[in-house]
Amino acid sequence: LENTISGNEHVRIKMLLSKENKERCCEFVKQGDIYQFNDKGFRSELLSWLRFNAPQAIEKGDGLSSLCQGRPPLPGWLANLLVPVLMTGESQAKIDLANIKTSAGMVVFISEGGFHPFNKSCIFNCCVDQKCVDYIILFKLC
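Along every chain, residues carry numbers that run from 1 in the direction the sequence is written. Reporting in this predicted model follows two pLDDT cut-offs: at least 70 for local features of residues, and 80 or more for side-chain atom pairs to be given and counted; totals over whole chains, interfaces and linings ignore these cut-offs and use all residues. The side-chain numbers reported here are obtained from all heavy atoms of the structure, hydrogens and water having been left aside.

Q: I keep staring at the overall build of the protein chain and nothing clicks. Help me out?
A: Secondary structure elements follow DSSP: runs of H or I of four or more residues count as helices, runs of E of two or more count as strands, with numbering from the N terminus. Within the protein chain, the regular secondary structure consists of 7 helices and 5 strands. If you list the helices and strands of the protein chain from N to C, you get α-β-α-α-β-α-β-α-α-β-α-β. Only protein chains enter the area calculation, which uses a 1.4 Å probe; residues under 20% of their type maximum are buried, those over 50% are exposed, and those in between are partly exposed. A buried classification covers 32% of the 142 residues belonging to the protein chain. The criterion used for residue contact is that any of the two residues' heavy atoms lie within 4.5 Å. A fraction of 70% describes how many contacts in the protein chain between residues 6 or more apart in sequence connect residues 24 or more apart. When the accessible surface of the protein chain is summed, it comes to about 9100 Å², and 59% of that surface belongs to carbon and sulfur atoms. Exposure was quantified through the Shrake-Rupley algorithm and a 1.4 Å probe, taking into account, for residues, occlusion by the shown protein chains and nothing else.

Written out as C-alpha coordinates, the structure reads:
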(Lines give C-alpha, C1' and ligand atoms only; values in the text may rest on other atoms or scores of the structure.)
Protein backbone atom coordinates (compact mmCIF):
# COMPACT_ATOMS: atom_id res chain seq x y z
CA LEU A 1 0.00 0.00 0.00
CA GLU A 2 2.69 2.47 0.98
CA ASN A 3 4.65 1.57 -2.17
CA THR A 4 1.65 2.57 -4.29
CA ILE A 5 1.78 6.18 -3.07
CA SER A 6 5.44 6.53 -2.18
CA GLY A 7 7.02 9.60 -3.67
CA ASN A 8 3.75 11.53 -3.82
CA GLU A 9 4.13 14.40 -1.36
CA HIS A 10 0.48 15.42 -1.87
CA VAL A 11 -0.97 12.28 -0.33
CA ARG A 12 -0.86 10.83 3.15
CA ILE A 13 -2.40 7.64 4.47
CA LYS A 14 -3.80 6.94 7.88
CA MET A 15 -4.67 3.44 9.05
CA LEU A 16 -7.57 3.21 11.48
CA LEU A 17 -7.60 -0.09 13.30
CA SER A 18 -9.32 0.61 16.61
CA LYS A 19 -13.07 0.55 17.05
CA GLU A 20 -12.99 4.11 18.41
CA ASN A 21 -11.09 5.50 15.41
CA LYS A 22 -13.36 3.74 12.93
CA GLU A 23 -16.46 5.07 14.72
CA ARG A 24 -15.12 8.64 14.50
CA CYS A 25 -15.22 8.36 10.69
CA CYS A 26 -18.79 7.08 10.49
CA GLU A 27 -20.43 10.51 10.27
CA PHE A 28 -17.98 11.56 7.55
CA VAL A 29 -18.78 8.43 5.56
CA LYS A 30 -22.52 9.01 5.99
CA GLN A 31 -22.32 12.62 4.86
CA GLY A 32 -20.02 11.64 1.98
CA ASP A 33 -22.49 9.01 0.77
CA ILE A 34 -25.37 11.49 0.88
CA TYR A 35 -23.33 14.12 -0.95
CA GLN A 36 -22.11 11.73 -3.66
CA PHE A 37 -25.49 10.14 -4.29
CA ASN A 38 -27.07 13.58 -4.71
CA ASP A 39 -24.64 14.18 -7.59
CA LYS A 40 -26.33 12.97 -10.80
CA GLY A 41 -23.00 12.44 -12.55
CA PHE A 42 -21.70 10.26 -9.73
CA ARG A 43 -24.89 8.18 -9.61
CA SER A 44 -24.89 7.72 -13.37
CA GLU A 45 -21.27 6.57 -13.45
CA LEU A 46 -21.73 4.26 -10.47
CA LEU A 47 -24.81 2.65 -12.02
CA SER A 48 -22.93 2.12 -15.28
CA TRP A 49 -20.21 0.19 -13.41
CA LEU A 50 -22.43 -1.95 -11.17
CA ARG A 51 -22.86 -5.61 -12.07
CA PHE A 52 -25.97 -7.03 -10.41
CA ASN A 53 -25.28 -10.75 -10.75
CA ALA A 54 -22.47 -13.18 -11.57
CA PRO A 55 -23.45 -13.83 -15.21
CA GLN A 56 -23.54 -10.07 -15.88
CA ALA A 57 -20.11 -9.62 -14.28
CA ILE A 58 -18.65 -12.49 -16.33
CA GLU A 59 -20.22 -11.21 -19.55
CA LYS A 60 -18.95 -7.64 -19.07
CA GLY A 61 -15.58 -8.63 -17.62
CA ASP A 62 -15.34 -5.40 -15.62
CA GLY A 63 -17.24 -3.33 -13.12
CA LEU A 64 -18.13 -3.54 -9.46
CA SER A 65 -20.20 -6.41 -8.15
CA SER A 66 -23.24 -5.18 -6.27
CA LEU A 67 -22.41 -7.94 -3.77
CA CYS A 68 -19.39 -5.83 -2.76
CA GLN A 69 -21.83 -3.13 -1.70
CA GLY A 70 -23.87 -5.54 0.42
CA ARG A 71 -26.68 -5.92 -2.08
CA PRO A 72 -28.22 -9.24 -3.13
CA PRO A 73 -27.85 -10.50 -6.71
CA LEU A 74 -30.71 -9.43 -8.99
CA PRO A 75 -31.68 -10.18 -12.57
CA GLY A 76 -30.47 -7.31 -14.76
CA TRP A 77 -33.97 -6.24 -15.84
CA LEU A 78 -35.15 -6.02 -12.21
CA ALA A 79 -32.00 -4.23 -11.05
CA ASN A 80 -32.37 -1.65 -13.82
CA LEU A 81 -35.86 -0.85 -12.51
CA LEU A 82 -35.26 -0.93 -8.75
CA VAL A 83 -31.71 0.20 -8.11
CA PRO A 84 -31.95 3.74 -9.52
CA VAL A 85 -34.96 4.34 -7.26
CA LEU A 86 -33.84 2.51 -4.12
CA MET A 87 -30.12 3.29 -4.10
CA THR A 88 -29.80 6.53 -2.15
CA GLY A 89 -27.12 8.15 -0.07
CA GLU A 90 -28.97 7.13 3.06
CA SER A 91 -29.33 3.49 1.99
CA GLN A 92 -25.66 3.34 0.98
CA ALA A 93 -24.64 4.94 4.29
CA LYS A 94 -26.44 2.17 6.21
CA ILE A 95 -24.52 -0.47 4.26
CA ASP A 96 -21.20 1.35 4.58
CA LEU A 97 -21.58 1.95 8.32
CA ALA A 98 -22.43 -1.72 8.89
CA ASN A 99 -19.35 -2.69 6.85
CA ILE A 100 -17.15 -0.31 8.82
CA LYS A 101 -18.32 -1.74 12.14
CA THR A 102 -17.42 -5.28 11.07
CA SER A 103 -14.18 -4.45 9.23
CA ALA A 104 -10.72 -5.11 10.58
CA GLY A 105 -9.73 -1.55 9.80
CA MET A 106 -9.78 1.32 7.37
CA VAL A 107 -7.28 3.23 5.30
CA VAL A 108 -7.87 6.92 4.82
CA PHE A 109 -6.13 8.59 1.88
CA ILE A 110 -5.68 12.31 2.50
CA SER A 111 -5.07 14.26 -0.68
CA GLU A 112 -3.80 17.81 -0.53
CA GLY A 113 -4.58 19.49 -3.83
CA GLY A 114 -7.10 17.19 -5.48
CA PHE A 115 -7.40 13.57 -6.34
CA HIS A 116 -4.80 12.03 -8.58
CA PRO A 117 -4.84 9.09 -10.99
CA PHE A 118 -3.07 6.91 -8.42
CA ASN A 119 -6.27 6.88 -6.33
CA LYS A 120 -7.99 4.41 -8.66
CA SER A 121 -4.91 2.21 -8.53
CA CYS A 122 -4.84 2.30 -4.73
CA ILE A 123 -8.50 1.41 -4.43
CA PHE A 124 -8.21 -1.40 -6.96
CA ASN A 125 -5.12 -2.88 -5.31
CA CYS A 126 -6.53 -2.70 -1.79
CA CYS A 127 -9.91 -4.11 -2.73
CA VAL A 128 -8.45 -6.98 -4.72
CA ASP A 129 -5.63 -7.95 -2.39
CA GLN A 130 -7.51 -7.42 0.91
CA LYS A 131 -4.15 -7.42 2.68
CA CYS A 132 -4.41 -4.44 5.01
CA VAL A 133 -7.99 -3.44 5.56
CA ASP A 134 -11.56 -4.04 4.51
CA TYR A 135 -12.64 -0.45 3.96
CA ILE A 136 -11.12 2.55 2.19
CA ILE A 137 -12.02 6.24 2.35
CA LEU A 138 -10.68 9.10 0.28
CA PHE A 139 -10.64 12.60 1.74
CA LYS A 140 -9.69 15.75 -0.10
CA LEU A 141 -8.40 18.66 1.97
CA CYS A 142 -9.96 21.88 0.72
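Q: How should I be thinking about the nonpolar core in this particular structure?
A: The nonpolar side chains of soluble globular proteins are, as a tendency, buried together. The criterion is simple. A nonpolar core is a set of buried Ala, Val, Leu, Ile, Met, Phe, Trp, Tyr and Cys residues joined through side-chain atoms within 4.5 Å. Leu16, Cys25, Cys26, Val29, Leu97, Ile100, Met106, Val108 and Ile110 together form the largest nonpolar core, which totals 9 residues. Among the secondary structure elements, those contributing two or more residues to this core are helix H2 (19–37), helix H6 (89–102) and strand S4 (106–112). Leu46, Leu50, Val83 and Met87 belong to the second-largest nonpolar core, a separate cluster that totals 7 residues.

Q: I keep staring at a nonpolar patch on the surface and nothing clicks. Help me out?
A: Only residues whose relative accessible area exceeds 30% and that form no salt bridge are eligible for patches; like-charged ones are grouped when within 9 Å, while nonpolar side chains (Val, Leu, Ile, Met, Phe, Trp, Tyr) are grouped when within 5 Å. We count a salt bridge whenever a side-chain nitrogen from Lys or Arg sits within 4 Å of a carboxyl oxygen from Asp or Glu. Judged by side-chain polarity, Trp77, Leu81, Leu82, Val85 and Leu86 come together as a nonpolar surface patch covering roughly 560 Å² of accessible area. Checked against the element boundaries, Val85 lands in helix H5 (residues 76–86).

Q: Is there a simple way to explain the packing of aromatic side chains in this structure?
A: Each aromatic ring pair is characterised by the separation of its centres together with the angle its planes make. A pair of Phe, Tyr and Trp rings is counted when the ring centres sit within 6.5 Å of each other, with Trp represented by its six-membered ring. The angle between the planes then sorts it: under 30 degrees is stacked, over 60 is edge-to-face, the rest tilted. Within this structure, the stated rule accounts for 1 aromatic pair. Taking the centre distance of 5.5 Å and the plane angle of 70° together, the rings of Phe37 and Phe42 count as edge-to-face. You can call Phe37 buried: its relative accessible area is 6%.

Q: I tried to follow the pattern of salt bridges on my own but got confused; where do I start?
A: Think of it this way: side chains of opposite charge can pair up when their charged atoms draw near. What the rule picks out here adds up to 1 salt bridge. The shortest N-O distance in the salt bridge between Asp62 and Arg51 comes to 2.7 Å. Within this pair, whereas Asp62 is found in the loop between helix H4 (54–60) and strand S3 (64–65), its partner Arg51 is found in strand S2 (residues 50–51), the two being separated by 11 residues in sequence. Arg51 sits in the buried class, given a relative accessible area of 8%.

Q: Any chance you could explain the environment of Pro55 here in plain terms?
A: Mapped onto the elements of the fold, Pro55 is located in helix H4. Given a relative accessible area of 58%, Pro55 falls into the exposed group. Considered as a pair, Pro55 and Pro75 are 20 residues apart in the sequence and their alpha carbons are 9.4 Å apart.

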